[in-house]
Structure formats: structure tokens, C-alpha cells
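Structural overview for review
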Amino acid sequence: MKILITDYVFPNLDPEKKVLEPMGFELVIAPDGSEQTLTELARDVDGILTCFAKVTDKVIDNAANLKVIARYGVGVDNIAVNKATELGIAVTYVPDYCVDEVADHVFSFLLAWNRQVINFDYNTKMKGWGSVDLNLPMNRLRGSTIGVIGFGRIGRNVAEKAKVFGMQVLVADPFVMHDSVNEDIDVVPIKELLEKSDFVTIHSPLNNETKGMISINEFRIMKKNCFIINCARGPLIDEASLISALESGEIAGAGLDVMESDHPENNNQLFKMNNVIVSPHVAFYSPESTVELQSRAAGSISDVLSGKMPENLYNKEVVGKMRAKI
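Below, the structure is looked at part by part. Note that this is a predicted model, so its numbers are computed, not measured. (Residues numbered from 1 in each chain as written. Predicted model: local features only at pLDDT ≥ 70, side-chain atom pairs only at ≥ 80, totals over all residues. Heavy atoms only, no water.)

**Structural notes on the overall build of the chain**
Inclusion rule: Helix and strand assignments follow DSSP, with helices taken as H or I runs no shorter than four residues and strands as E runs no shorter than two, numbered in order from the N terminus. Based on C-alpha atoms, the radius of gyration is set beside the globule rule, defined as 2.2 Å times the residue count to the power 0.38. By the convention used here, residues are in contact when the closest approach between their heavy atoms is within 4.5 Å. Shrake-Rupley sampling with a 1.4 Å probe provides the accessible areas, and residues are treated as covered by the protein chains on show and by no other component. Note that His is not counted, nor are the chain ends; the positive residues are Lys and Arg, and the negative ones are Asp and Glu. All charge positions are set by atom: Lys at NZ, Arg at CZ, Asp at CG, Glu at CD.
Each helix and strand counted, the chain has 11 helices and 12 strands in total. Relative to a compact globule of 326 residues, whose C-alpha radius of gyration would be 20 Å, the chain shows 22 Å and is just as compact. By principal-axis analysis of the C-alpha atoms, the chain measures approximately 65 × 50 × 35 Å. Residue pairs at least 24 apart in sequence account for 62% of intrachain contacts in the chain once pairs closer than 6 positions are excluded. Counting only carbon and sulfur atoms, one obtains 50% of the accessible surface of the chain, whose full area is about 15,900 Å². For the chain, the distance from the average position of its 32 positive side-chain charges to the average position of its 44 negative side-chain charges is 1 Å.

**As for the sheet that holds strand β5 (residues 90-92)**
Condition: Strands pair, by our definition, only if DSSP identifies at least two bridges between them. Throughout, an axis means a line fitted to C-alpha atoms (over the contacting stretch in the case of helices), and angles, computed between N-to-C directions, take values from 0 to 180 degrees.
Pairing within the open sheet is parallel, and its 5 strands lie in the order β2-β1-β3-β4-β5. Two strands close off the open sheet at either side, each with one partner strand: β2 (26-29) and β5. Each neighbouring strand pair of the sheet contributes to a mean axis angle of 20 degrees, computed without reference to strand direction. Strand direction decides the pairing type here: strand β1 (residues 2-5) and β2, joined by 4 bridges, are parallel. The residue bridging Lys2 from the neighbouring strand is Glu26, located in β2.

**Section: the pairing of strand β6 (residues 145-149)**
The test is simple: Partly exposed residues are those whose accessible area sits between 20% and 50% of the maximum for their type, while under 20% is buried and over 50% is exposed, using a 1.4 Å probe and protein chains only. A clockwise course of the path from the first strand over the helix to the second, judged with the strands pointing away from the viewer, identifies a crossover as right-handed.
Buried residues dominate β6, accounting for 5 of its 5 residues. Alternating positions in β6 separate into two faces, Thr145, Gly147 and Ile149 on one and Ile146 and Val148 on the other, with burial throughout. Direction of pairing for β6 relative to strand β7 (residues 168-172): parallel, over a ladder of 5 bridges. In the strand pairing of β7, Gly147 is matched with Leu170. Note that the unit made of β6, helix α7 (residues 153-164) and β7 has a crossover that is right-handed. As paired elements, β6 and strand β9 (residues 199-202) share 4 bridges and run parallel to each other. Across the sheet, the residue bridging to Gly147 is Val200, located in β9.

**Re the environment of Gln116**
Residue placement: Gln116 occurs in the loop between α5 (99-114) and α6 (117-127). Distance from Gln116 to Pro137, taken between C-alpha atoms, is 7.5 Å for residues 21 residues apart in sequence. In this view, Gln116 contacts Leu111, Leu136, Pro137 and Met138; residues no more than four positions away in its chain are not counted.

**A closer look at the packing of aromatic side chains**
Applied cut-off: Each aromatic pair joins two rings of Phe, Tyr and Trp (for Trp, the six-membered one) with centres within 6.5 Å, and gets the label stacked for planes under 30 degrees apart, edge-to-face for over 60, and tilted for any other angle.
Under the counting rule described, the total for this entry stands at 6 aromatic pairs. Pairing Phe10 with Tyr72 gives two aromatic rings, centres 4.9 Å apart and planes at 70 degrees, and the pair type is edge-to-face. Of this pair, Phe10 sits in the loop between β1 and α1 (14-20) while Tyr72 sits in the loop between β4 (68-71) and α4 (81-86); the two residues are 62 residues apart in sequence, bridging distant segments of the chain. Using a relative accessible area of 7% as the deciding quantity, one classes Phe10 as buried. Taking relative accessible area as the criterion, Tyr72 reaches 2% and is therefore assigned buried. Consider the rings of Tyr93 and Tyr314, whose centres lie 5.2 Å apart with planes at 90 degrees: the pair is edge-to-face. Taken as a pair, Tyr93 in the loop between β5 and α5 and Tyr314 in the segment after α11 (287-305) lie far apart in primary sequence, 221 residues in all.

**Remarks on the pattern of salt bridges**
Stated precisely, the cut-off is as follows: Just to be clear on terms, a salt bridge is a Lys or Arg side-chain nitrogen sitting within 4 Å of an Asp or Glu carboxyl oxygen.
Applying the stated rule across the entire model yields 16 salt bridges. Arg233 serves as the salt-bridge partner of Asp77, at 3.1 Å between the closest nitrogen and oxygen. Of this pair, Asp77 sits in the loop between β4 and α4 while Arg233 sits in the loop between β10 (227-230) and α10 (239-248); the two residues are 156 residues apart in sequence, bridging distant segments of the chain. Residues Glu195 and Lys191 are paired through a salt bridge, measuring 2.5 Å at the closest nitrogen-oxygen approach.

**Remarks on the layout of surface pockets**
For clarity, the cut-off: Cavity and pocket criteria rest on a 1 Å grid covering protein atoms alone: a 1.4 Å probe that fits but cannot get out defines a cavity, protein on both sides within 12 Å along at least 5 of 7 lines defines an open pocket, and an atom within 4 Å of a point defines a lining residue. Grid points are joined across faces, edges and corners, and a volume is the space filled by probe spheres set on the points. Only Asp, Glu, Lys and Arg are considered charged in this grouping, and only Ala, Val, Leu, Ile, Met, Phe, Trp, Tyr, Cys and Pro are considered nonpolar; every other residue, Gly among them, is considered polar.
One number sums up the size of the second largest pocket: a volume of about 720 Å³. For the second largest pocket, the lining is made up of 29 residues, of which Phe52, Ser261, Asp262, His263 and His281 are closest to its centre. Residue composition of the lining of the second largest pocket, by class: 14 nonpolar, 7 polar and 8 charged.

**Structural notes on the sheet that holds β6**
Judged by pairing direction, the sheet is parallel, and its 7 strands sit side by side in the order β8-β7-β6-β9-β10-β11-β12 without closing on themselves. Strand pairing shows two members of the sheet lacking a second neighbour, β8 (185-187) and β12 (276-278), which therefore form its edges. Between one strand and the next, the sheet's axes are offset by a mean angle of 15 degrees, whatever the strand orientation.

Function cannot be inferred from these measures alone, as they are strictly geometric.
Encoded structure:
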């Protein structure tokens, strides 16, 4: 049986090979992630492993033998899940593999901004040791308020770390009730969270309801000293509104590990702004997390094609009508 790997960002595919090759699976590596290429290569595969490439309706329709699509990651917004479910194809994901890494990355942004580490580093190297500007926005972290939008595994981990720093934590999540969190964490409407928070970090899934959830109206009610962080999905923030809010001073700054485009142009306005800290979608990364991710994603392919229920089935409604005999 053949397994198509649409794309990957890992140093190698040794973990996948360790899981799949002893079972006789042949790995097919796509030379690019275009729909045309993937549609052609998917023609006779039994499973697909995908990272960021889009597994579209057309790709799935053309894969007559396809039984499982496994996502290297937490979200599945790059997979045509409805089409897969309609055709009896299991979709799996790894929802809990990089919780500590992403939460740590959120705090790397928060601390770098709050202590102005990047500005001090640049000024010292360019202007010398005595080039100190104490007019930069710096405040004591203890007693400040962080708003966590989306209170899944990563959001909860961020909240735990925030409490260690002595921060007040507000949470906005329509699926979380106050009695399901620690008594020193307040669950509030998102409007109240935005009005009161010095830092806002987003951890919501990307879907039709959450796309652009932080836009012009939300920025208008945020504090002028607020620093917003997005290590989840780029389109959760409307980028044009963010640029406007940063330029006008409606908010103070932003830390972005993701952006609206998967591959933003080098001349993106956000890259030119001193009050924006950017990293290129690496919040998930550590050697430990990537090996875990690769092994578990490959394991879900192996499970389905071996007649076993996978660890994390995303489209549970496919149960009972799968192409794979489970």
C-alpha cells in the first residue's frame, strides 16, 4: 500500500519510516503541494499524511483507494473533511503534541515585548552600551491581566504559566463554564476580556465562525497598551485591521507566529513595524515535539490501514461507513 506525504517541515522522515516501512507501506513524497500534483499522486494511494498542503475535494475525489488522511498537527482546516466523511475516509489529527512548546512561545513574545528585549538588543549593538531609551513601554508583569481566547489544552497551559508570573487571567470561550476552571481564573464575555486585558493571546480553532474574529471593532475596545499574540491560526485576526490598529495606536503591539497567508510576502507591512515581533510559524517546534508528531501521525495511518480505530479520529461521524474495515 502507498502513503502520500504531501509536504513536511521536519529534518527527515525517519519516524514515519520506522512506523510504516516495516508494515510494507511505500512512502510517496510529493515534489510540491499544488492541487494538480497532489490530485495526480493521490490516484492510487491508501493514506495521506499532510502538513500544510491543502487536501481538497478534487484530491480526495481522485483517490479511489484512499482510506485515511492524517494531519501533522492540531487543526484540520487544510483538509476537505466533509468530502472525506462523505466518502468514508477517516481524518485524524494530533491535538495534544506541542502544548508546552506553543505556550512557551506565547510567553517568549510576551516577555520579549514587556521587557523590550529586542529593542534593547538592537540599540546596544547598533549604538553602544549607553544607548538606553527608558521611554519604551515596560511594566511590571505581576498584577497585569492576560486574556486567553480559547481555553483548550494550550490556552490552559498559558493560563497556568501566567499565574506563576502573578498575572490576572481572563478567559473567553463559549464552550467553557466558570465552574470548570480554577477559582482564580475568570470566565468572561470576549468583549469584557478585550476591554480589560493588557495582553491578549488567541487559541481558538479556525472555522467559519472564528475567521476574522479579531477585527476593527475588537481593536477599538482594547487597551492602548495592549499587546496581542497569535500562535494559533493567522486568519483569526483580520490583518488589515491589525495594521490599522497598530499604526493608529489603538493597541501597542503584536507578536505573530502565524499570519493570514501561509507564505506572506517579504514586503508585508507588518514586517516593517517596530511594534511587531514575528516568528515564521515555529511555535510548535522542539526536537521532542516533532518526533512525537511524526510518529503519532504515522501511527494513525498504520492503525486505520491495519483495521484499528485511530487514537484521534477527527470526523467521528464516519464511524460505521469507513472504507477501511475496522
